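# Summary of the model geometry
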Amino acid sequence: MNYASSVLLALLAAAPIAASAQEASPPAGTGTPTGFMDVRAIRPVAGDPKAGSGKVTICSACHGHSGMAVVPELANLAGQPATYLYIQLKAFKDGYRTDPVMTGQAARLSDEDMRDIAAYYASFAPASHGGIDTSSPGARLYREGDPARGIPPCQGCHGPDARGPRPFAGVEGKPQPPWFTYPYLHGQSANFVTKALGDFRAGARAGTSNARIMQGVAQGLSDADIEALSAYLSHL
């Protein structure tokens, strides 16, 4: 087993189970959830992209009608796994993730709406800037990590090209984590990646089991590391 796989399995095993993805909701009468949303056992989510196209009018004001963000501080949604997008919407809706805008927007969505919107944005080609980089500090950290500092390679969960991994698909006896719950990082803006990693490092995003994994990883990153990774991913 290689270094990336070993670290991933250790992180997955270390995250305590507090709630299933299907049961992720605030306690009755509080509006504020306890614990976190455990997405490790979630099944792939399906929705209707055609129906979703009629539900993204407000979404498109920030994320674009085809999933390309209108400002670099926001995420590109195009081509992301539908299950990942659904999980984020559900986390906003149920209070496991907060944002001044998204919390209110997600609150009015039904489960069917979230599935359809996720399927719609997943149907587009992801962002791509065509860059090739194998030697920058960000490229090395993404591909190799830094074992001396306990930093795993990002490609272990996000894939060698930042479009998601499929290392053990169909191989008996190998771990089968729910890869479809992880975001594709290919072509995300430097501003967005910098903020996301900063939020993970500060503990501002810790409401899902995946976010808890990222929290542990990001705490080992310096400001220079975050800047290098952000620059690398934004040029892919």
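Treat the numbers as computed from the prediction; the structure is a model and nothing was measured.

With respect to the element layout, D38 can be found in the loop between α1 (3–14) and α2 (49–53). For D38, the side chain forms a polar contact with the side chain of S209, separated by 3.5 Å.

Moving on: empty space enclosed by the protein. Within the structure shown, the criterion is met by one cavity of 30 Å³ or more. In this model, the largest cavity occupies a volume close to 50 Å³. Here the residues of the lining of the largest cavity are counted per class, giving four nonpolar, four polar and no charged.

With that settled, the discussion passes to helix α7 (residues 137–144). All of the buried residues in α7 are G138, A139, L141 and Y142. Angularly, the buried residues of α7 cover 165° about the axis, an arc narrow enough to put them on a single face. Of the exposed residues in α7, those oriented more than 90 degrees away from the buried face are P137 and E144. In this fold, the buried residues of α7 make contact with α8 (155–158) and α11 (223–234). Immediately downstream of α7, the backbone of G145 shows phi near 70°, a positive value.

With that settled, the discussion passes to the packing of helix α9 (residues 190–202) against helix α10 (residues 209–218). The description of two helices packed together rests on the angle between their axes and the distance between the axes. Two elements in contact, α9 and α10, have axes whose closest approach is 7 Å; the angle formed by their N-to-C orientations is 90°. On the basis of the axis angle, α9 is roughly perpendicular to α10. Where α9 abuts α10, its residues L197, F200 and R201 lie against A211, M214, Q215 and A218.

Our next topic: the packing of aromatic side chains. Counting across every chain of the model gives four aromatic pairs. Ring geometry for Y120 against F124: centres 5.1 Å apart, planes inclined by 80°, an arrangement best described as edge-to-face. A relative accessible area of 26% places F124 in the partly exposed class. An aromatic cluster is defined as three or more aromatic residues linked by ring pairs; in this entry it consists of Y120, Y121 and F124. If you follow R115 out to its NZ or CZ, it ends over the ring of Y86, 4.9 Å from the centre.

What follows concerns α11. Note: α-helices contain 3.6 residues per turn, so residues at a spacing of three or four share the same orientation. Spanning twelve residues, α11 covers 17 Å between terminal C-alpha atoms, matching the ideal 16 Å at 1.5 Å per step. Here α11 has its buried residues at D225, I226, A228, L229, S230, Y232, L233 and S234. Residues of α11 that are buried in the fold lie against α7 and α9.

Here we take up the pattern of salt bridges. Taken as a whole, this structure holds nine salt bridges when the rule is applied. Two residues, K55 and D116, come together in a salt bridge whose shortest N-O distance is 2.7 Å. Taken together, the residues span a long stretch of sequence, with K55 in the loop between α2 and α3 (60–63) and D116 in helix α6 (residues 111–122) at a distance of 61 residues. Note on D116: relative accessible area 5%, which makes it buried. Linked through salt bridges whose partners overlap, the residues forming this network are K55, D113 and D116.

Reading the values: the criteria
Counting restarts for each chain, with residues numbered from 1 along the sequence as it is written. Residue-level local features of this predicted model are given only where pLDDT is at least 70; pairs of side-chain atoms are given and counted only at 80 or more, and the full residue set underlies all totals for whole chains, interfaces and linings. No hydrogens and no water enter the side-chain calculation; it runs on all heavy atoms of the structure. Helix and strand assignments come from DSSP, with helices taken as H or I runs of at least 4 residues and strands as E runs of at least 2, each series counted from the N terminus. Here a polar contact is recorded for every N or O atom pair within 3.5 Å, except that within protein the pair must consist of a potential hydrogen donor and a potential acceptor, and residues adjacent in sequence are included only if both atoms are side-chain atoms. Computed over the protein atoms alone on a 1 Å grid, cavities are sets of points where a 1.4 Å probe fits but cannot get out and pockets are open sets with protein on both sides within 12 Å along at least five of seven lines; a residue lines them when it has an atom within 4 Å of a point. Grid points are joined across faces, edges and corners, and a volume is the space filled by probe spheres set on the points. In the scheme used here, Gly and all other residues not listed as nonpolar or charged are polar, with Ala, Val, Leu, Ile, Met, Phe, Trp, Tyr, Cys and Pro taken as nonpolar and Asp, Glu, Lys and Arg as charged. In this scheme, a residue with accessible area under 20% of its type's maximum is buried, one over 50% is exposed, and one in between is partly exposed, where area comes from a 1.4 Å probe on protein chains only. To be clear, the arc concerns the directions from the helix axis to the C-beta atoms. It only takes one pair of heavy atoms within 4.5 Å for two residues to be counted as in contact. For helices, the fitted line uses only the C-alpha atoms of the stretch in contact; every axis is such a line through C-alpha atoms, and the angle between N-to-C directions lies from 0 to 180 degrees. By the definition adopted for this analysis, an angle is roughly parallel if under 35 degrees, roughly antiparallel if over 145, roughly perpendicular if from 65 to 115, and oblique otherwise. To pair, rings of Phe, Tyr and Trp, with the six-membered ring standing in for Trp, must have centres within 6.5 Å; the planes then decide the type, stacked if under 30 degrees apart, edge-to-face if over 60, and tilted in the middle. For a lysine, the NZ atom is tested; for an arginine, the CZ atom; a charge sits over a ring if that atom is within 6 Å of the ring centre and within 35 degrees of the ring normal. Multiplying one less than the number of residues by 1.5 Å gives the expected span of a helix. Should a side-chain nitrogen of Lys or Arg be within 4 Å of a carboxyl oxygen of Asp or Glu, the pair is scored as a salt bridge.

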